[in-house]
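# Residue-level structure breakdown
Okay, here's what each chain looks like letter by letter:
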Amino acid sequence: MYFIASGTKLKGKLAFIALAVAVTALLAVLLSLCFSGKSEAGTEYSFDLKETGGVGGFLSRFSLDYERQVSKREITLPSKDDEAFAEYGDFQSEIGLDVLKFSGKKVEERYLKLKNKSKKGKALYAVLYIYKDRVIGAHLTTLEEGVSPVSLKAFV
C-alpha cells in the first residue's frame, strides 16, 4: 500500500515540476519577445543611437554611408493637428517610427551629408530628428526645392 501511495505522490510531484518548467519556458519566451532588440512597432530596425553606435551606425543599417554633419539645431515639433506634420508621421510609420507621439517636444534636428548619391547623381543628405539619443524621425533629401523627402529604405 505504501508503494502505491508514494507512487501517486511521485507522479503528482513530477506533473507539478513539468508544469512549472512549461510555465517558466512560456514566460521566458514572452519576456524575450517583449524585450528583444527589435525597435518600435516590432520593426527590424533599432532607433536607439547608443545601440547602433551613433548616427553612422544607424545610417549603415539602411545601407547609407555617413560622410559628415552639416548642421544641428534644436526645434520644437508641431502639433499633431498640423496637416503637414501628420503626413510626415504617416511617411515615418513606413519604417516603424511614430514621430507624432513627440508632438510639441523639443528635439534635435541634424542634417548629415552622405557618400551615397541620388539616382540622378546629386548630393544626398539624411535628416534625423533625435529625442534623448533616439531617432524619432528620419528621411533623405537632396535639399532641392520642391523635391519630396525620400524614405531611408531607398537604398536597402
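The structure we're discussing is the one just above.
A brief structural summary. (Residues numbered from 1 in each chain as written. Predicted model: local features only at pLDDT ≥ 70, side-chain atom pairs only at ≥ 80, totals over all residues. Heavy atoms only, no water.)

### A closer look at helix H4 (residues 83-93)
Cut-off, in case you're wondering: Exposure classes here rest on a 1.4 Å probe applied to the protein chains alone. A residue is buried below 20% of its type maximum, exposed above 50%, and partly exposed in between. Secondary structure is summarised from DSSP: a helix means a run of H or I of at least four residues, a strand means a run of E of at least two, and numbering begins at the N terminus for each. Relevant arc is that of directions from the helix axis to the C-beta atoms, nothing else. Any two residues having at least one pair of non-hydrogen atoms within 4.5 Å are treated as being in contact. In the analysis that follows, any N or O atom pair within 3.5 Å is treated as a polar contact, provided that within protein one partner can donate a hydrogen and the other can accept it, and provided that, for residues neighboring in sequence, both atoms belong to side chains.
Within the span of H4, buried status applies to Phe85, Tyr88, Gly89, Phe91 and Gln92. Along the long axis of H4, the arc covered by the buried residues comes to 160°, so they all point the same way. In H4, the exposed positions angled more than 90 degrees off the buried face are occupied by Glu83, Glu87 and Asp90. Looking at the buried residues of H4, the elements they touch are strand E3 (123-131) and strand E4 (134-141). Where H4 begins, one side-chain oxygen reaches toward the backbone nitrogen of Ala84, 3.1 Å away; that side chain belongs to Asp82.

### Side note on the pattern of salt bridges
Operational definition: For salt bridges, the criterion is a side-chain nitrogen of Lys or Arg within 4 Å of an Asp or Glu carboxyl oxygen.
Taken as a whole, this structure holds six salt bridges when the rule is applied. For Lys50, the salt bridge goes to Asp133, with nearest N and O atoms at 3.8 Å. Of this pair, Lys50 sits in helix H2 (residues 49-52) while Asp133 sits in the loop between E3 and E4, and the two are 83 residues apart along the sequence. Overall, Lys50 belongs to the exposed group, its relative accessible area being 65%. Taking the shortest distance from any N to any O, the salt bridge between Glu144 and Lys122 comes out at 3.9 Å. Pair noted here: Glu144 is in the segment after E4 and Lys122 is in the loop between strand E2 (106-117) and E3, with a separation of 22 residues, a long-range link. Here Glu144 falls in the partly exposed class, since its relative accessible area comes to 34%.

### Remarks on the pairing of E3
Applied cut-off: Paired strands are those between which DSSP finds at least two bridges.
Most of E3 is tucked away, with seven of its nine residues classed as buried. In terms of strand pairing, E2 meets E3 through seven bridges, oriented antiparallel. For Tyr111, the partnering residue across the bridge sits in E3 and is Val127. Between E2 and E3, which pair antiparallel in sequence order, lie five residues; one of them, Gly121, sits at a positive phi of approximately 80°. Alignment of E3 against E4, held across seven bridges, turns out to be antiparallel. From the neighbouring strand, Tyr125 faces E4, where its bridge partner is Thr141. As consecutive antiparallel partners, E3 and E4 are separated by two residues, and within that stretch Lys132 has a phi angle of approximately 50°, a positive value.

### Considering the packing of aromatic side chains
The test is simple: Put simply, two rings from Phe, Tyr or Trp (the six-membered ring, in Trp's case) pair if the centres are within 6.5 Å, and we call them stacked under 30 degrees between planes, edge-to-face over 60, tilted for the rest.
In the structure shown here, the tally under the stated rule is five aromatic pairs. On the basis of an interplanar angle of 55° and a centroid distance of 6.1 Å, the ring pair of Phe47 and Phe58 is categorised as tilted. Taken together, the residues Phe47 in the loop between helix H1 (2-34) and H2 and Phe58 in helix H3 (residues 54-60) connect sequence positions 11 residues apart. Exposure class is identical for Phe47 and Phe58. Each is buried. Arranged with centres 6.0 Å apart and planes meeting at 40°, the rings of Tyr88 and Phe91 form a pair that is tilted. Pair noted here: Tyr88 and Phe91 are both in helix H4, with a separation of three residues, about one helical turn. Judged by relative accessible area, which is 19%, Phe91 ranks as buried. Each residue in the set Phe47, Phe58 and Phe62 is aromatic and connected to the rest through ring pairs, giving one cluster.

### Observations regarding the sheet that holds E3
Rules: Angles here are taken between N-to-C directions and fall from 0 to 180 degrees, while the axes themselves are lines fitted to C-alpha atoms, restricted in helices to the stretch in contact.
The four strands are arranged E1-E2-E3-E4 in an open sheet whose pairing can be described as antiparallel. Edge strands, defined here as strands with exactly one partner in the open sheet, are strand E1 (66-76) and E4. The sheet shows a mean angle of 20° between the axes of neighbouring strands, direction not considered.

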